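Descriptive structure summary
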Amino acid sequence: MIDSKNTISFSESSEGSFISSGHPVQRQYKDRLFKFIFGSGTEDSMKRLLSLYNALNNSNHTDIRDISLTTIENIIYVTMKNDISFVIDDQMNLYEQQSSYNPNMPLRGFMYFAQLYQRHLALEKKDIYGTKKIMIPAPRFAVFYNGTKNTPDLVKLRLSDSFEGKTEKGDFEWTASMYNINLSHNYELQKKCKSLYDYSWYVEEVRKNKLTMTTKEAVNAAVDSAIKKNLLDGLFLQQKMEILNMTLTEFDQEEYDRNRREEGKNENARENAKNFLTNESPYS
């Protein structure tokens, strides 16, 4: 039986990665760099994950041997593998990195946690139809945001804000805590977890380089700088090509998403203009 107090599970999903032409090509999955750093399952990765958990919870865990890894497959609504889920201290944690602001994270987390709890109950052989109350790990959903939209250090995104009908306050809630991890935010959190700081520094360096370089040049220069600074205890040197490929894929994905959003805005504007010229209300 898996110890419910020390279980970590990772989800997989489909992904639209990119070839040199900039068009999406379907592959089974692709890790984002955040997942690679904190959730790849290696001993060093587990130490970094434990450090991140400690920083968020003001705890001081040091032993990763209590952690058992599992995998949840076919999370089809996530485009890239940027999520890490785990149970520790009677908490079911989900960590997800986002470079785009998404107000639907509570709903996504709610759907994700449903599968985590279903698997947890099956592994523990718990019968939800029995007369005995079943105790489950408390949920905690943390989103690590490093996009360009200016947001506070911490934003509480609540599922109830998306309810179409009115409900009694507190009757049902699901919350995503979104932490801004750009370098100018959450100083204390990054001070407590150097791996998080190193990751944030690298992302910021790529963005800074892109102001005067092509994406490929910007990523290469940022990786070289990270190697010189020995960020993540040499991981950039050890996994240079993997990190280069992941970063290029992520920034291509961001550019593709931005273009899609702009195309959608332009299409809506054209449709509204057409309706106006033909005296058709776009809201009829």
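So, here is what we can say about the structure in this document.

Next up on the list: the pattern of salt bridges. One pass over the full model with this rule turns up 6 salt bridges. Two residues, E43 and K47, come together in a salt bridge whose shortest N-O distance is 3.6 Å. Taken together, the residues span about one helical turn, with E43 and K47 both in helix 2 (residues 43–57) at a distance of 4 residues. Overall, the relative accessible area of 51% leaves E43 in the exposed class. In this structure, R108 engages E96 in a salt bridge whose closest nitrogen and oxygen atoms are separated by 2.7 Å. Of this pair, R108 sits in helix 3 (residues 105–123) while E96 sits in strand 6 (residues 91–98), and the two are 12 residues apart along the sequence. For E96, a relative accessible area of 2% puts it in the buried group.

The subject of this paragraph is the pairing of strand 5 (residues 83–88). Within strand 5, 6 of the 6 residues are buried, which leaves the element mostly enclosed by the surrounding structure. Taking every second residue as pointing to the same face, both faces of strand 5 are buried, with D83, S85 and V87 on one and I84, F86 and I88 on the other. Summarising the sheet, strand 5 and strand 6 pair through 6 bridges and their orientation is antiparallel. Looking at the pairing, F86 lines up with N93 of strand 6.

Okay, the nonpolar core next. The biggest cluster of nonpolar side chains holds 41 residues, and the ones touching the most others in it are Y95, F144, Y202 and I243. Residue assignment for this core shows that the elements contributing at least two residues are helix 1 (33–39), helix 2, strand 5, strand 7 (138–145), helix 5 (194–209), helix 6 (215–228), helix 7 (235–238) and helix 8 (240–277).

Okay, the environment of H61 next. Relative to the assigned elements, H61 resides in the loop between helix 2 and strand 4 (68–72). Classification of H61 as partly exposed rests on a relative accessible area of 27%. Beyond its immediate sequence surroundings of up to four residues, H61 is in contact with L50, Y53, N54, I88 and D89. There is a polar contact of 2.7 Å between the side chain of H61 and the side chain of D89.

In this section: the packing of aromatic side chains. Per the stated rule, a full pass over the model turns up 13 aromatic pairs. For the pair F110 and W174, a centre-to-centre distance of 5.7 Å together with 75 degrees between the ring planes defines the contact as edge-to-face. Pair noted here: F110 is in helix 3 and W174 is in the loop between strand 8 (154–158) and strand 9 (175–180), with a separation of 64 residues, a long-range link. Relative accessible area serves as the criterion here: at 14%, W174 is assigned to the buried category. Among the aromatic residues, those joined into a cluster by ring pairs are F34, F38, Y53, F86, Y95, F144, Y179 and Y199.

A separate point is the side chain of Q98. Checked against the element boundaries, Q98 lands in strand 6. Looking at Q98, its side chain comes within polar contact range of the side chain of E96, at 2.9 Å.

Across the 6 residues that make up strand 9, a large majority, 5, are buried. Summarising the sheet, strand 8 and strand 9 pair through 5 bridges and their orientation is antiparallel. What sits directly across from L154, in strand 9, is Y179.

With that settled, consider the side chain of N209. Along the chain, the position of N209 falls in helix 5. Here N209 falls in the buried class, since its relative accessible area comes to 10%. Residues in contact with N209, not counting those within four places in the same chain, are A218, A221 and A222.

What counts as what
- Residues numbered from 1 in each chain as written.
- Predicted model: local features only at pLDDT ≥ 70, side-chain atom pairs only at ≥ 80, totals over all residues.
- Heavy atoms only, no water.
- Salt bridge = Lys/Arg side-chain N within 4 Å of Asp/Glu carboxyl O.
- Helix = DSSP H or I, 4+ residues; strand = E, 2+ residues; numbered from the N terminus.
- Buried < 20%, exposed > 50% of the residue type's maximum accessible area, 1.4 Å probe, protein only.
- Pairing = 2+ DSSP bridges.
- Core = buried A, V, L, I, M, F, W, Y, C linked by side-chain atoms within 4.5 Å.
- Contact = heavy atoms within 4.5 Å.
- Polar contact = N/O pair within 3.5 Å; in protein donor to acceptor, adjacent residues only side chain to side chain.
- Phe/Tyr/Trp six-rings, centres within 6.5 Å; stacked < 30°, edge-to-face > 60°.

By themselves, these figures tell us nothing about what the structure is for.
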